[in-house]
Amino acid sequence: MILVTGGAGFIGSNFVLEWLAGGGEPVVNLDKLTYAGNLANLASLEGDVRHRFVHGDIGDRDLVERLLAEHGVRAIVHFAAESHVDRSIHGPEDFVATNVVGTFRLLEAARKHWGGLTGRDRDAFRFLHVSTDEVYGSLGPQDPAFAEANQYQPNSPYSASKAASDHLVRSYHHTYGLPVVTTNCSNNYGPFQFPEKLIPLVIHNALAGKPLPIYGDGMQIRDWLYVGDHCAAIRRALAAGVPGEVYNIGGNSEKPNLEVVQTLCAILDDERPRADGGPYADQITYVTDRPGHDRRYAIDARKIARDLGWQPAETFATGIRRTVRWYLDHQDWVANVTSGAYREWVQKHYA
Ligand code: NAD
Ligand code: TYD
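Residues numbered from 1 in each chain as written. Chains lettered and ligands numbered in written order. Predicted model: local features only at pLDDT ≥ 70, side-chain atom pairs only at ≥ 80, totals over all residues. Heavy atoms only, no water.

Visitor: Just to check I follow, could you spell out the site of ligand 1 for this structure?
Guide: The full set close to ligand 1 counts 28 residues, and Ile11, Asp31, Ser83, Tyr158 and Lys162 are the nearest of them. Within the side chain of aspartate 31, one N or O atom sits 2.6 Å away from an oxygen atom of ligand 1. Within the backbone of asparagine 188, an N or O atom sits 2.9 Å from an oxygen atom of ligand 1. In isolation ligand 1 has 840 Å² of accessible area, and contact with the protein removes 97% of it. Mapped by element, the contributors of at least two residues to the shell around ligand 1 are helix 1 (10–21), strand 5 (126–132) and helix 6 (157–176). Examining the composition of the shell around ligand 1, we find that three residues originate from one element, strand 5, more than from any other. A per-class count over the shell around ligand 1 returns 12 nonpolar, 12 polar and four charged. (Near = heavy atom within 4 Å. Polar contact = N/O pair within 3.5 Å; in protein donor to acceptor, adjacent residues only side chain to side chain. Areas by Shrake-Rupley, 256 points an atom, 1.4 Å probe, with all protein chains shown as cover. Helix = DSSP H or I, 4+ residues; strand = E, 2+ residues; numbered from the N terminus. Nonpolar A, V, L, I, M, F, W, Y, C, P; charged D, E, K, R; others polar.)

Here it is in structure tokens:
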């Protein structure tokens, strides 16, 4: 079996669904179900014996040790994290608790489990740590894209906590020999993304007739990757990544935020025209910028292409239309997540 942490979140649930659909071995899915965890993402696996969901915290070392031993886990794919930059600005503590301390405890449990393995089981064990390009900091307009050897310069409590977790993971390889592989990926989009992040938020607000908030001048650049391509890259890194190595994953798809929002508006104009016939772009509203907002991220993904043969299958044009259609077809999912905690958060953040 493999242990997936955070498998009820956005990327984790896409990974679990695609892993099992592709004939991967059974999954133990450990998730604390914070506001970002949603079991509805995994509804299609109901009754599937290949998926065992465990509600719990990666920081609960006894629980993790028990799961690793009980299920003879041969690999950990570690997604669980607090993942939203804006939330990390309002309340950084949870980010340190989960991303730093939680990852540390997970590593300790993995070290103990791996230490008890022998022969081929020991050689085959992997700890795959899913991380972000944000650890590298912000690029100037002419700077080359982030490569694996780039200096770490995290600027938000989120990216700092992920950077700390990357360092711990690295140290467990160098100090204890734990067979870790780290992936640092650019911004993802696709099905099941919580509508606090730019793309699902804009789709949701557009349809609800609400403002589409653009931070600052909207010229911040992100390198967008369709979530299915990220999951495929993780599967490649798990299967063929060299222990101790880092692989950057990106979509070769740098876009300013304003262009992303205008593209979403144009697709919605086409797929679901406004009742009054007006363009969704009329709802674009400039709001106060995020403090310490990173200007540009871009990933140099040549290493994973060269060494592991991975390339994204979707372009931004195909992936973004697919994503809009998914949200249009799953308005019940959106209605479900936009109640409760999400509403409180939106009120506090955009008040
Ligand atoms: P998400 O916020 O949608 O999901 C995180 C999941 O982790 C949720 O299901 C949540 O309940 C769970 N979780 C949180 N704290 C936990 C804890 N202490 N114990 C167990 N489970 C816990 O995040 P996401 O966007 O799916 O990101 C997944 C991973 O990928 C993160 O590590 C993130 O840093 C990384 N990443 C995300 C992106 C992106 O664009 N979303 C890009 C690159 C890397
Ligand atoms: P986000 O989806 O929060 O991802 P990240 O901060 O990890 O890159 O934001 C993507 C970009 O969109 C980022 O530059 C911030 C910007 N943004 C807005 O302009 N308006 C919004 O309402 C949100 C949520 C983000």
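Visitor: Would you explain unusual backbone geometry in this entry?
Guide: A negative phi angle characterises most non-glycine residues, just as the trans form characterises most peptide bonds. One non-glycine residue, phenylalanine 192, lies in positive phi territory at about 70 degrees. By secondary structure assignment, the location of phenylalanine 192 is in the loop between strand 7 (188–189) and helix 7 (198–207). The exposure class of phenylalanine 192 is buried, given its relative accessible area of 13%. Even without being glycine, asparagine 252 reaches a positive phi, approximately 50 degrees. Along the chain, the position of asparagine 252 falls in the loop between strand 11 (246–249) and strand 12 (254–256). (Buried < 20%, exposed > 50% of the residue type's maximum accessible area, 1.4 Å probe, protein only.)

Visitor: Got a minute to help me understand the sheet that holds strand 11 in this structure?
Guide: Within a beta sheet, neighbouring strands are joined by backbone hydrogen bonds and run either parallel or antiparallel to one another. Strands sit in the order 3-2-1-4-5-6-11 across an open sheet of seven strands; the sheet is parallel. Unpaired on one side and paired on the other, strand 3 (51–55) and strand 11 mark the two borders of the sheet. Each neighbouring strand pair of the sheet contributes to a mean axis angle of 20 degrees, computed without reference to strand direction. In this structure, strand 6 (residues 180–185) lies alongside strand 11, joined through four bridges in parallel fashion. Each bridged residue has a counterpart across the sheet, and for threonine 182 the counterpart in strand 11 is valine 246. The sheet strands contacting helix 6 are strand 5 and strand 6, and the helix crosses strand 5 at an angle near 155 degrees. (Pairing = 2+ DSSP bridges. Axes fitted to C-alpha atoms, helices over the stretch in contact; angles between N-to-C directions. Contact = heavy atoms within 4.5 Å.)

Visitor: Can you walk me through the packing of aromatic side chains in this structure?
Guide: Two numbers describe a pair of aromatic rings. These are the distance of the centres and the angle of the planes. Applying the stated criterion across every chain yields a total of 16 aromatic pairs. Both rings, one in phenylalanine 95 and one in tyrosine 158, keep their centres 6.3 Å apart while their planes meet at 80 degrees; by these two values the pair is edge-to-face. Within this pair, whereas phenylalanine 95 is found in helix 4 (residues 93–115), its partner tyrosine 158 is found in helix 6, the two being separated by 63 residues in sequence. Overall, phenylalanine 95 belongs to the buried group, its relative accessible area being 2%. By relative accessible area, which is 8% here, tyrosine 158 ends up buried. When the centroid spacing of 5.6 Å and the interplanar angle of 65 degrees are considered together, the rings of tyrosine 189 and phenylalanine 316 count as edge-to-face. Taken together, the positions of tyrosine 189 in strand 7 and phenylalanine 316 in helix 11 (residues 316–329) put the pair 127 residues apart, joining distant regions of the chain. (Phe/Tyr/Trp six-rings, centres within 6.5 Å; stacked < 30°, edge-to-face > 60°.)

Visitor: In this structure, what is going on with the pattern of salt bridges? I would like to understand it.
Guide: Once the charged atoms of two side chains with opposite charge are near each other, the side chains can pair. For the structure on display, the rule yields 21 salt bridges. Glutamate 108 serves as the salt-bridge partner of arginine 61, at 3.9 Å between the closest nitrogen and oxygen. With a gap of 47 residues between them, arginine 61 in helix 2 (residues 61–70) and glutamate 108 in helix 4 connect regions that are remote in the sequence. One salt bridge in this structure joins aspartate 307 and arginine 306, with 3.0 Å as the shortest N-O distance. Linked by salt bridges that have partners in common, Asp270, Glu271, Arg321 and Arg325 make up one network. (Salt bridge = Lys/Arg side-chain N within 4 Å of Asp/Glu carboxyl O.)

Visitor: For this particular structure, what's the right way to read the side chain of threonine 182?
Guide: Relative to the assigned elements, threonine 182 resides in strand 6. On the basis of relative accessible area, threonine 182 is assigned to the buried category, the value being 6%.

Visitor: For this particular structure, what's the right way to read the nonpolar core?
Guide: Across soluble globular proteins, nonpolar side chains have a tendency to be buried as a group. Ranked by internal contacts, the top residues of the largest apolar core, which has 70 residues, are Phe15 and Val77. Not counting residues within four places of it along the chain, the set of residues in contact with valine 77 comprises Ile2, Leu3, Val4, Thr5, Phe15, Leu128, Val130, Ile234 and Leu238. Grouped together as the second largest cluster of nonpolar side chains are 24 residues, Ala80, Trp114, Val169 and Val180 included. (Core = buried A, V, L, I, M, F, W, Y, C linked by side-chain atoms within 4.5 Å.)

Visitor: In this structure, what is going on with the environment of valine 261? I would like to understand it.
Guide: Along the chain, valine 261 turns up in helix 9 (residues 257–271). The sequence separation of valine 261 and proline 213 amounts to 48 residues, and the corresponding C-alpha distance is 9.4 Å. In this structure, valine 261 is in contact with Leu198, Val202, Leu212, Ile214 and Ile284, ignoring residues within four places of it in sequence.

Visitor: Got a minute to help me understand helix 9 in this structure?
Guide: Two residues of an α-helix separated by three or four positions point the same way, owing to the 3.6 residues in each turn. Across its 15 residues, helix 9 extends 21 Å between first and last C-alpha, which sits within 8% of the 21 Å expected from 1.5 Å per residue. Those residues of helix 9 lying buried are Asn257, Leu258, Val260, Val261, Leu264, Cys265, Ile267 and Leu268. At its buried positions, helix 9 is contacted by helix 7, strand 8 (212–215), strand 9 (221–223), strand 12, strand 13 (284–287) and helix 11. (Expected span 1.5 Å × (residues − 1).)

Visitor: Would you mind showing me how to read the packing of helix 4 against helix 6 here?
Guide: The packing of two helices is summarised by the inter-axis angle and the distance between the axes. Between helix 4 and helix 6, whose axes approach to 8 Å, the crossing angle comes to 15 degrees. With respect to helix 6, the element helix 4 is oriented roughly parallel. As for how helix 4 packs across helix 6, the hand of that crossing is right-handed. Here Phe95, Asn99, Val100, Thr103, Phe104, Leu107, Glu108, Arg111 and Trp114 of helix 4 come into contact with helix 6, specifically with Tyr158, Ser161, Lys162, Ala164, Ser165, Leu168, Val169, Tyr172 and Tyr176. When grouped by side-chain class, the residues that make up the contact of helix 4 with helix 6 number 11 nonpolar, four polar and three charged. (Parallel < 35°, antiparallel > 145°, perpendicular 65-115°, else oblique. Left-handed = near helix turned anticlockwise from the far one by under 90°.)

Any link to function would need more than the numbers given here.
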